[in-house]
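Summary of the model geometry
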Amino acid sequence: MTGQSFAETGDFSQMLGGVSRVAVSLAKLLLYAVATSLLLSVLFSWFDGWDAPKPRPQTHRAGRTRAAHLRVFADRHVFGLALALLAACWGTYIAVFAPGTLTYDGARSLNQFCAGAPLENHHPVLMNLLYGLLMHAGRAMGSDDWGVFLIVALQAAALVCALSAVLSESRRRGLPLAVTALAALYFALFPAWGVLAQDALKDTLFCAVFTWFMLRLARVAAPPEGSAPIGVRDWALLAAAGSLVALTRNNGIYLVAPTLLALAITPCAPFGGGERRSPVEAGSSLAAVVATYVALTSFVYPACGVDMSEEKEMLSVPFQQTARIVGEHGDDVSEAERAAIDAVLPYDQLAELYDPDLSDPVKESYKLHNSKVESSFEYANEHPEALGDYLRVWLGLALRHPACALTATAANTYAYFYPGEVVDVDGTRPVLLVGWQTDGDIAAAYDVSYLMPANAVARASAAVQATLEVPGMRYLYSPGLYVWLLVAIVAYLIHARRWGTLVVCVPPVMLMLTVLAGPLNGHLRYVMPMIAVLPLLWSFAFHGIIVREPRSQRASGQRCPLACNSEVFMKDEAFDVAL
């Protein structure tokens, strides 16, 4: 309801504009609540009653039908089949748009190690270094096109393996084969994934790294019954994956640290039981991740001359609220408050800079520690109290005008909860980065162009963009659908009291919280790491049923009573290879 109101009017007026609209809104709210409750009750009851199907009677191989053969083959080779399917479908995008789309963010990452740009952590330095090494390797091979292709190839390969591992592990934990197949088709055929694979963009690799962390977390937080005991290697891999998440995205540490802390204090529950694990292992992993992160970001990076001042990236919410309040209630701002705001943001320009969907225009005018504002670092040193004074003024204004502050935040976030809404801010933040390359100074150091003829690239790009207009496809392009799926999964795990498996939901939930505090309303690529692990989270609703036989039982000839199909023999090695 909020999303519809903001999409049409930009505020709450469609819901709250007059007594009649309030009455209609309450009636709609009641209907939505009743319908959603009934739907979730049916779904939760189905999950509550789910149990492993009876093992099928043994049938001689010659007596099996072709369909049975195919099912057994698919169950045995989920990882390999998913890998082949994704590689084939995404390979089409990579071939058509070869060597890949060099995006604005990708060029900015490259510039630090290829064009002499000042070192900064706006885009994580570790990712920038990797991009720079690959570009130099491509130049050694003959051209910048090779450099972009190496970046795209590495990221696409990592993401293909990560998603294939998610599907394999989800099926292993009991996700029905039909649902696993639908998830594989979604990842393979939905254009957003193929486009992401050919983008030289940090989000592609971060999605793979986040997925690896989730798989390692599931291994120690909710091990399937019959799996091998958790050992030192599992905790070491979890710490390594957590460190990579923290170092390849600036919000990564806020995903990993709360997760490992929750892991240390919650019960280990393969089937929802109450046995508690020792907090020592999780605490050690947390300490390793935090120590690695602090050592690099607080000591190594600054010693290498990296600018680590990125506080403006965490201030989108107060900046947007301030700009809207100044625009609508400027006459209620005192001279002292105005001076405090103007010490941090250009007060007279805020109303003009304010964009309800995007905080970048206001954020980039930040006067302290901002590489885009001349002499901002010297100015920050001369006014060390400016930020603290501003935050106190912002809080006072927000308390005096709570409706305006809430409206500003809702306008900058509603599309993450409104299924079917796709926000494209005047084309400056396209949903699909394809057929579009950077221009101007940011990419001046690179001689990169598509290998296909320009008219062929234009037609392919138009065809991909046209999928946004296909009836029903806007729901897939909208983050709202996936956010509500995550909410439903978390609600069910709470309902079923599966505290051990609930820990695995902490990273995607924290990801969503950091996205809501971010600059752009309803952008799909920000939530794609969360979408990537939805099959894994969904599999926890099926009682953690293990659908393969433990290696020890296969070797001894024993049958696994929990196997959904007595013919299922999924290889442990496939999961290890994926990682």
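All values derive from a computational prediction rather than experimental measurement.

**Here's the deal with the overall build of the chain**
Counting its secondary structure elements, the chain contains 30 helices and 2 strands. Residue burial in the chain is summarised as follows: out of 579 residues, 52% are buried.

**Quick word on the confidence of the model for the chain**
Per-residue confidence for the chain gives a mean pLDDT of 86; residues scoring 70 or more make up 87%. Below pLDDT 50 for its whole length, residues 53–57 participates in 7 contacts with residues either more than four positions away or in separate chains. Residue range residues 270–275 is modelled with pLDDT below 50. Its contacts to residues more than four positions away, or to other chains, number 12 contacts.

**Focus on the packing of helix α8 (residues 144–172) against helix α9 (residues 177–189)**
At a minimum axis separation of 10 Å, α8 and α9 run at an interaxial angle of 170 degrees. Judged by the inter-axis angle, α8 sits roughly antiparallel to α9. Listed contacts from α9 to L163, L167 and R171 of α8 are L177, T180, A183, A184 and F187. A class-by-class count of the residues in the contact of α8 with α9 yields 6 nonpolar, 1 polar and 1 charged.

**Things to note about the pattern of salt bridges**
Tallying each qualifying case throughout the model produces 20 salt bridges. Across the pair E120 and R108 runs a salt bridge whose closest N-O atoms are separated by 2.8 Å. On the criterion of sequence distance, the pair formed by E120 in the loop between α6 (104–114) and α7 (125–141) and R108 in helix α6 is long-range, its members being 12 residues apart. A salt bridge links D203 to R249, with the shortest nitrogen-to-oxygen separation between them at 2.6 Å. On the criterion of sequence distance, the pair formed by D203 in helix α11 (residues 202–221) and R249 in the loop between α12 (232–248) and α13 (252–265) is long-range, its members being 46 residues apart. Residue class for D203 comes out buried when judged on its relative accessible area of 3%. Taking the relative accessible area as the measure of exposure, R249 reaches 16% and is therefore buried. Through salt bridges with shared partners, a single ionic network connects D105, K202, D203, R249 and R525.

**What about the environment of R498?**
Tracing the sequence through the fold places R498 in the loop between α24 (479–495) and α25 (499–502). What makes R498 buried here is its relative accessible area of 8%. Separated by 276 residues in the primary sequence, R498 and A222 have C-alpha atoms spaced 9.4 Å apart. At 2.6 Å, the side chain of R498 and the backbone oxygen of F540 are in polar contact.

**Points about the side chain of R249**
Polar side-chain contacts of R249 include one of 2.6 Å to the side chain of D203. Not counting chain neighbours up to four residues away, the residues in contact with R249 comprise P124, K202, D203, F206 and Y526.

**Here's the deal with the packing of aromatic side chains**
Tallied over the entire structure, the rule returns 16 aromatic pairs. On the numbers, 6.1 Å between centres and 65 degrees between planes, the contact of F97 with Y450 is edge-to-face. Note that F97 is positioned in the loop between α5 (78–96) and β1 (101–102) and Y450 in the loop between α21 (402–411) and α22 (454–466), a separation of 353 residues in sequence. On the basis of relative accessibility, which here comes to 2%, the residue F97 falls in the buried class.

**Here's the deal with a nonpolar patch on the surface**
On the surface, a cluster of nonpolar side chains totalling about 360 Å² of accessible area is made up of L16, V22, L26 and L29. Per-element accounting of the nonpolar patch gives the leading share, 3 residues, to helix α3 (residues 19–48). For L26, the location among the structural elements is in helix α3. The exposed category is assigned to L26, whose relative accessible area is 54%.

Criteria and thresholds
Residues numbered from 1 in each chain as written. Predicted model: local features only at pLDDT ≥ 70, side-chain atom pairs only at ≥ 80, totals over all residues. Heavy atoms only, no water. Helix = DSSP H or I, 4+ residues; strand = E, 2+ residues; numbered from the N terminus. Buried < 20%, exposed > 50% of the residue type's maximum accessible area, 1.4 Å probe, protein only. pLDDT = per-residue confidence, 0-100. Contact = heavy atoms within 4.5 Å. Axes fitted to C-alpha atoms, helices over the stretch in contact; angles between N-to-C directions. Parallel < 35°, antiparallel > 145°, perpendicular 65-115°, else oblique. Nonpolar A, V, L, I, M, F, W, Y, C, P; charged D, E, K, R; others polar. Salt bridge = Lys/Arg side-chain N within 4 Å of Asp/Glu carboxyl O. Polar contact = N/O pair within 3.5 Å; in protein donor to acceptor, adjacent residues only side chain to side chain. Phe/Tyr/Trp six-rings, centres within 6.5 Å; stacked < 30°, edge-to-face > 60°. Patch = residues over 30% accessible without salt bridge, like charges linked within 9 Å, V, L, I, M, F, W, Y side chains within 5 Å. Areas by Shrake-Rupley, 256 points an atom, 1.4 Å probe, with all protein chains shown as cover.

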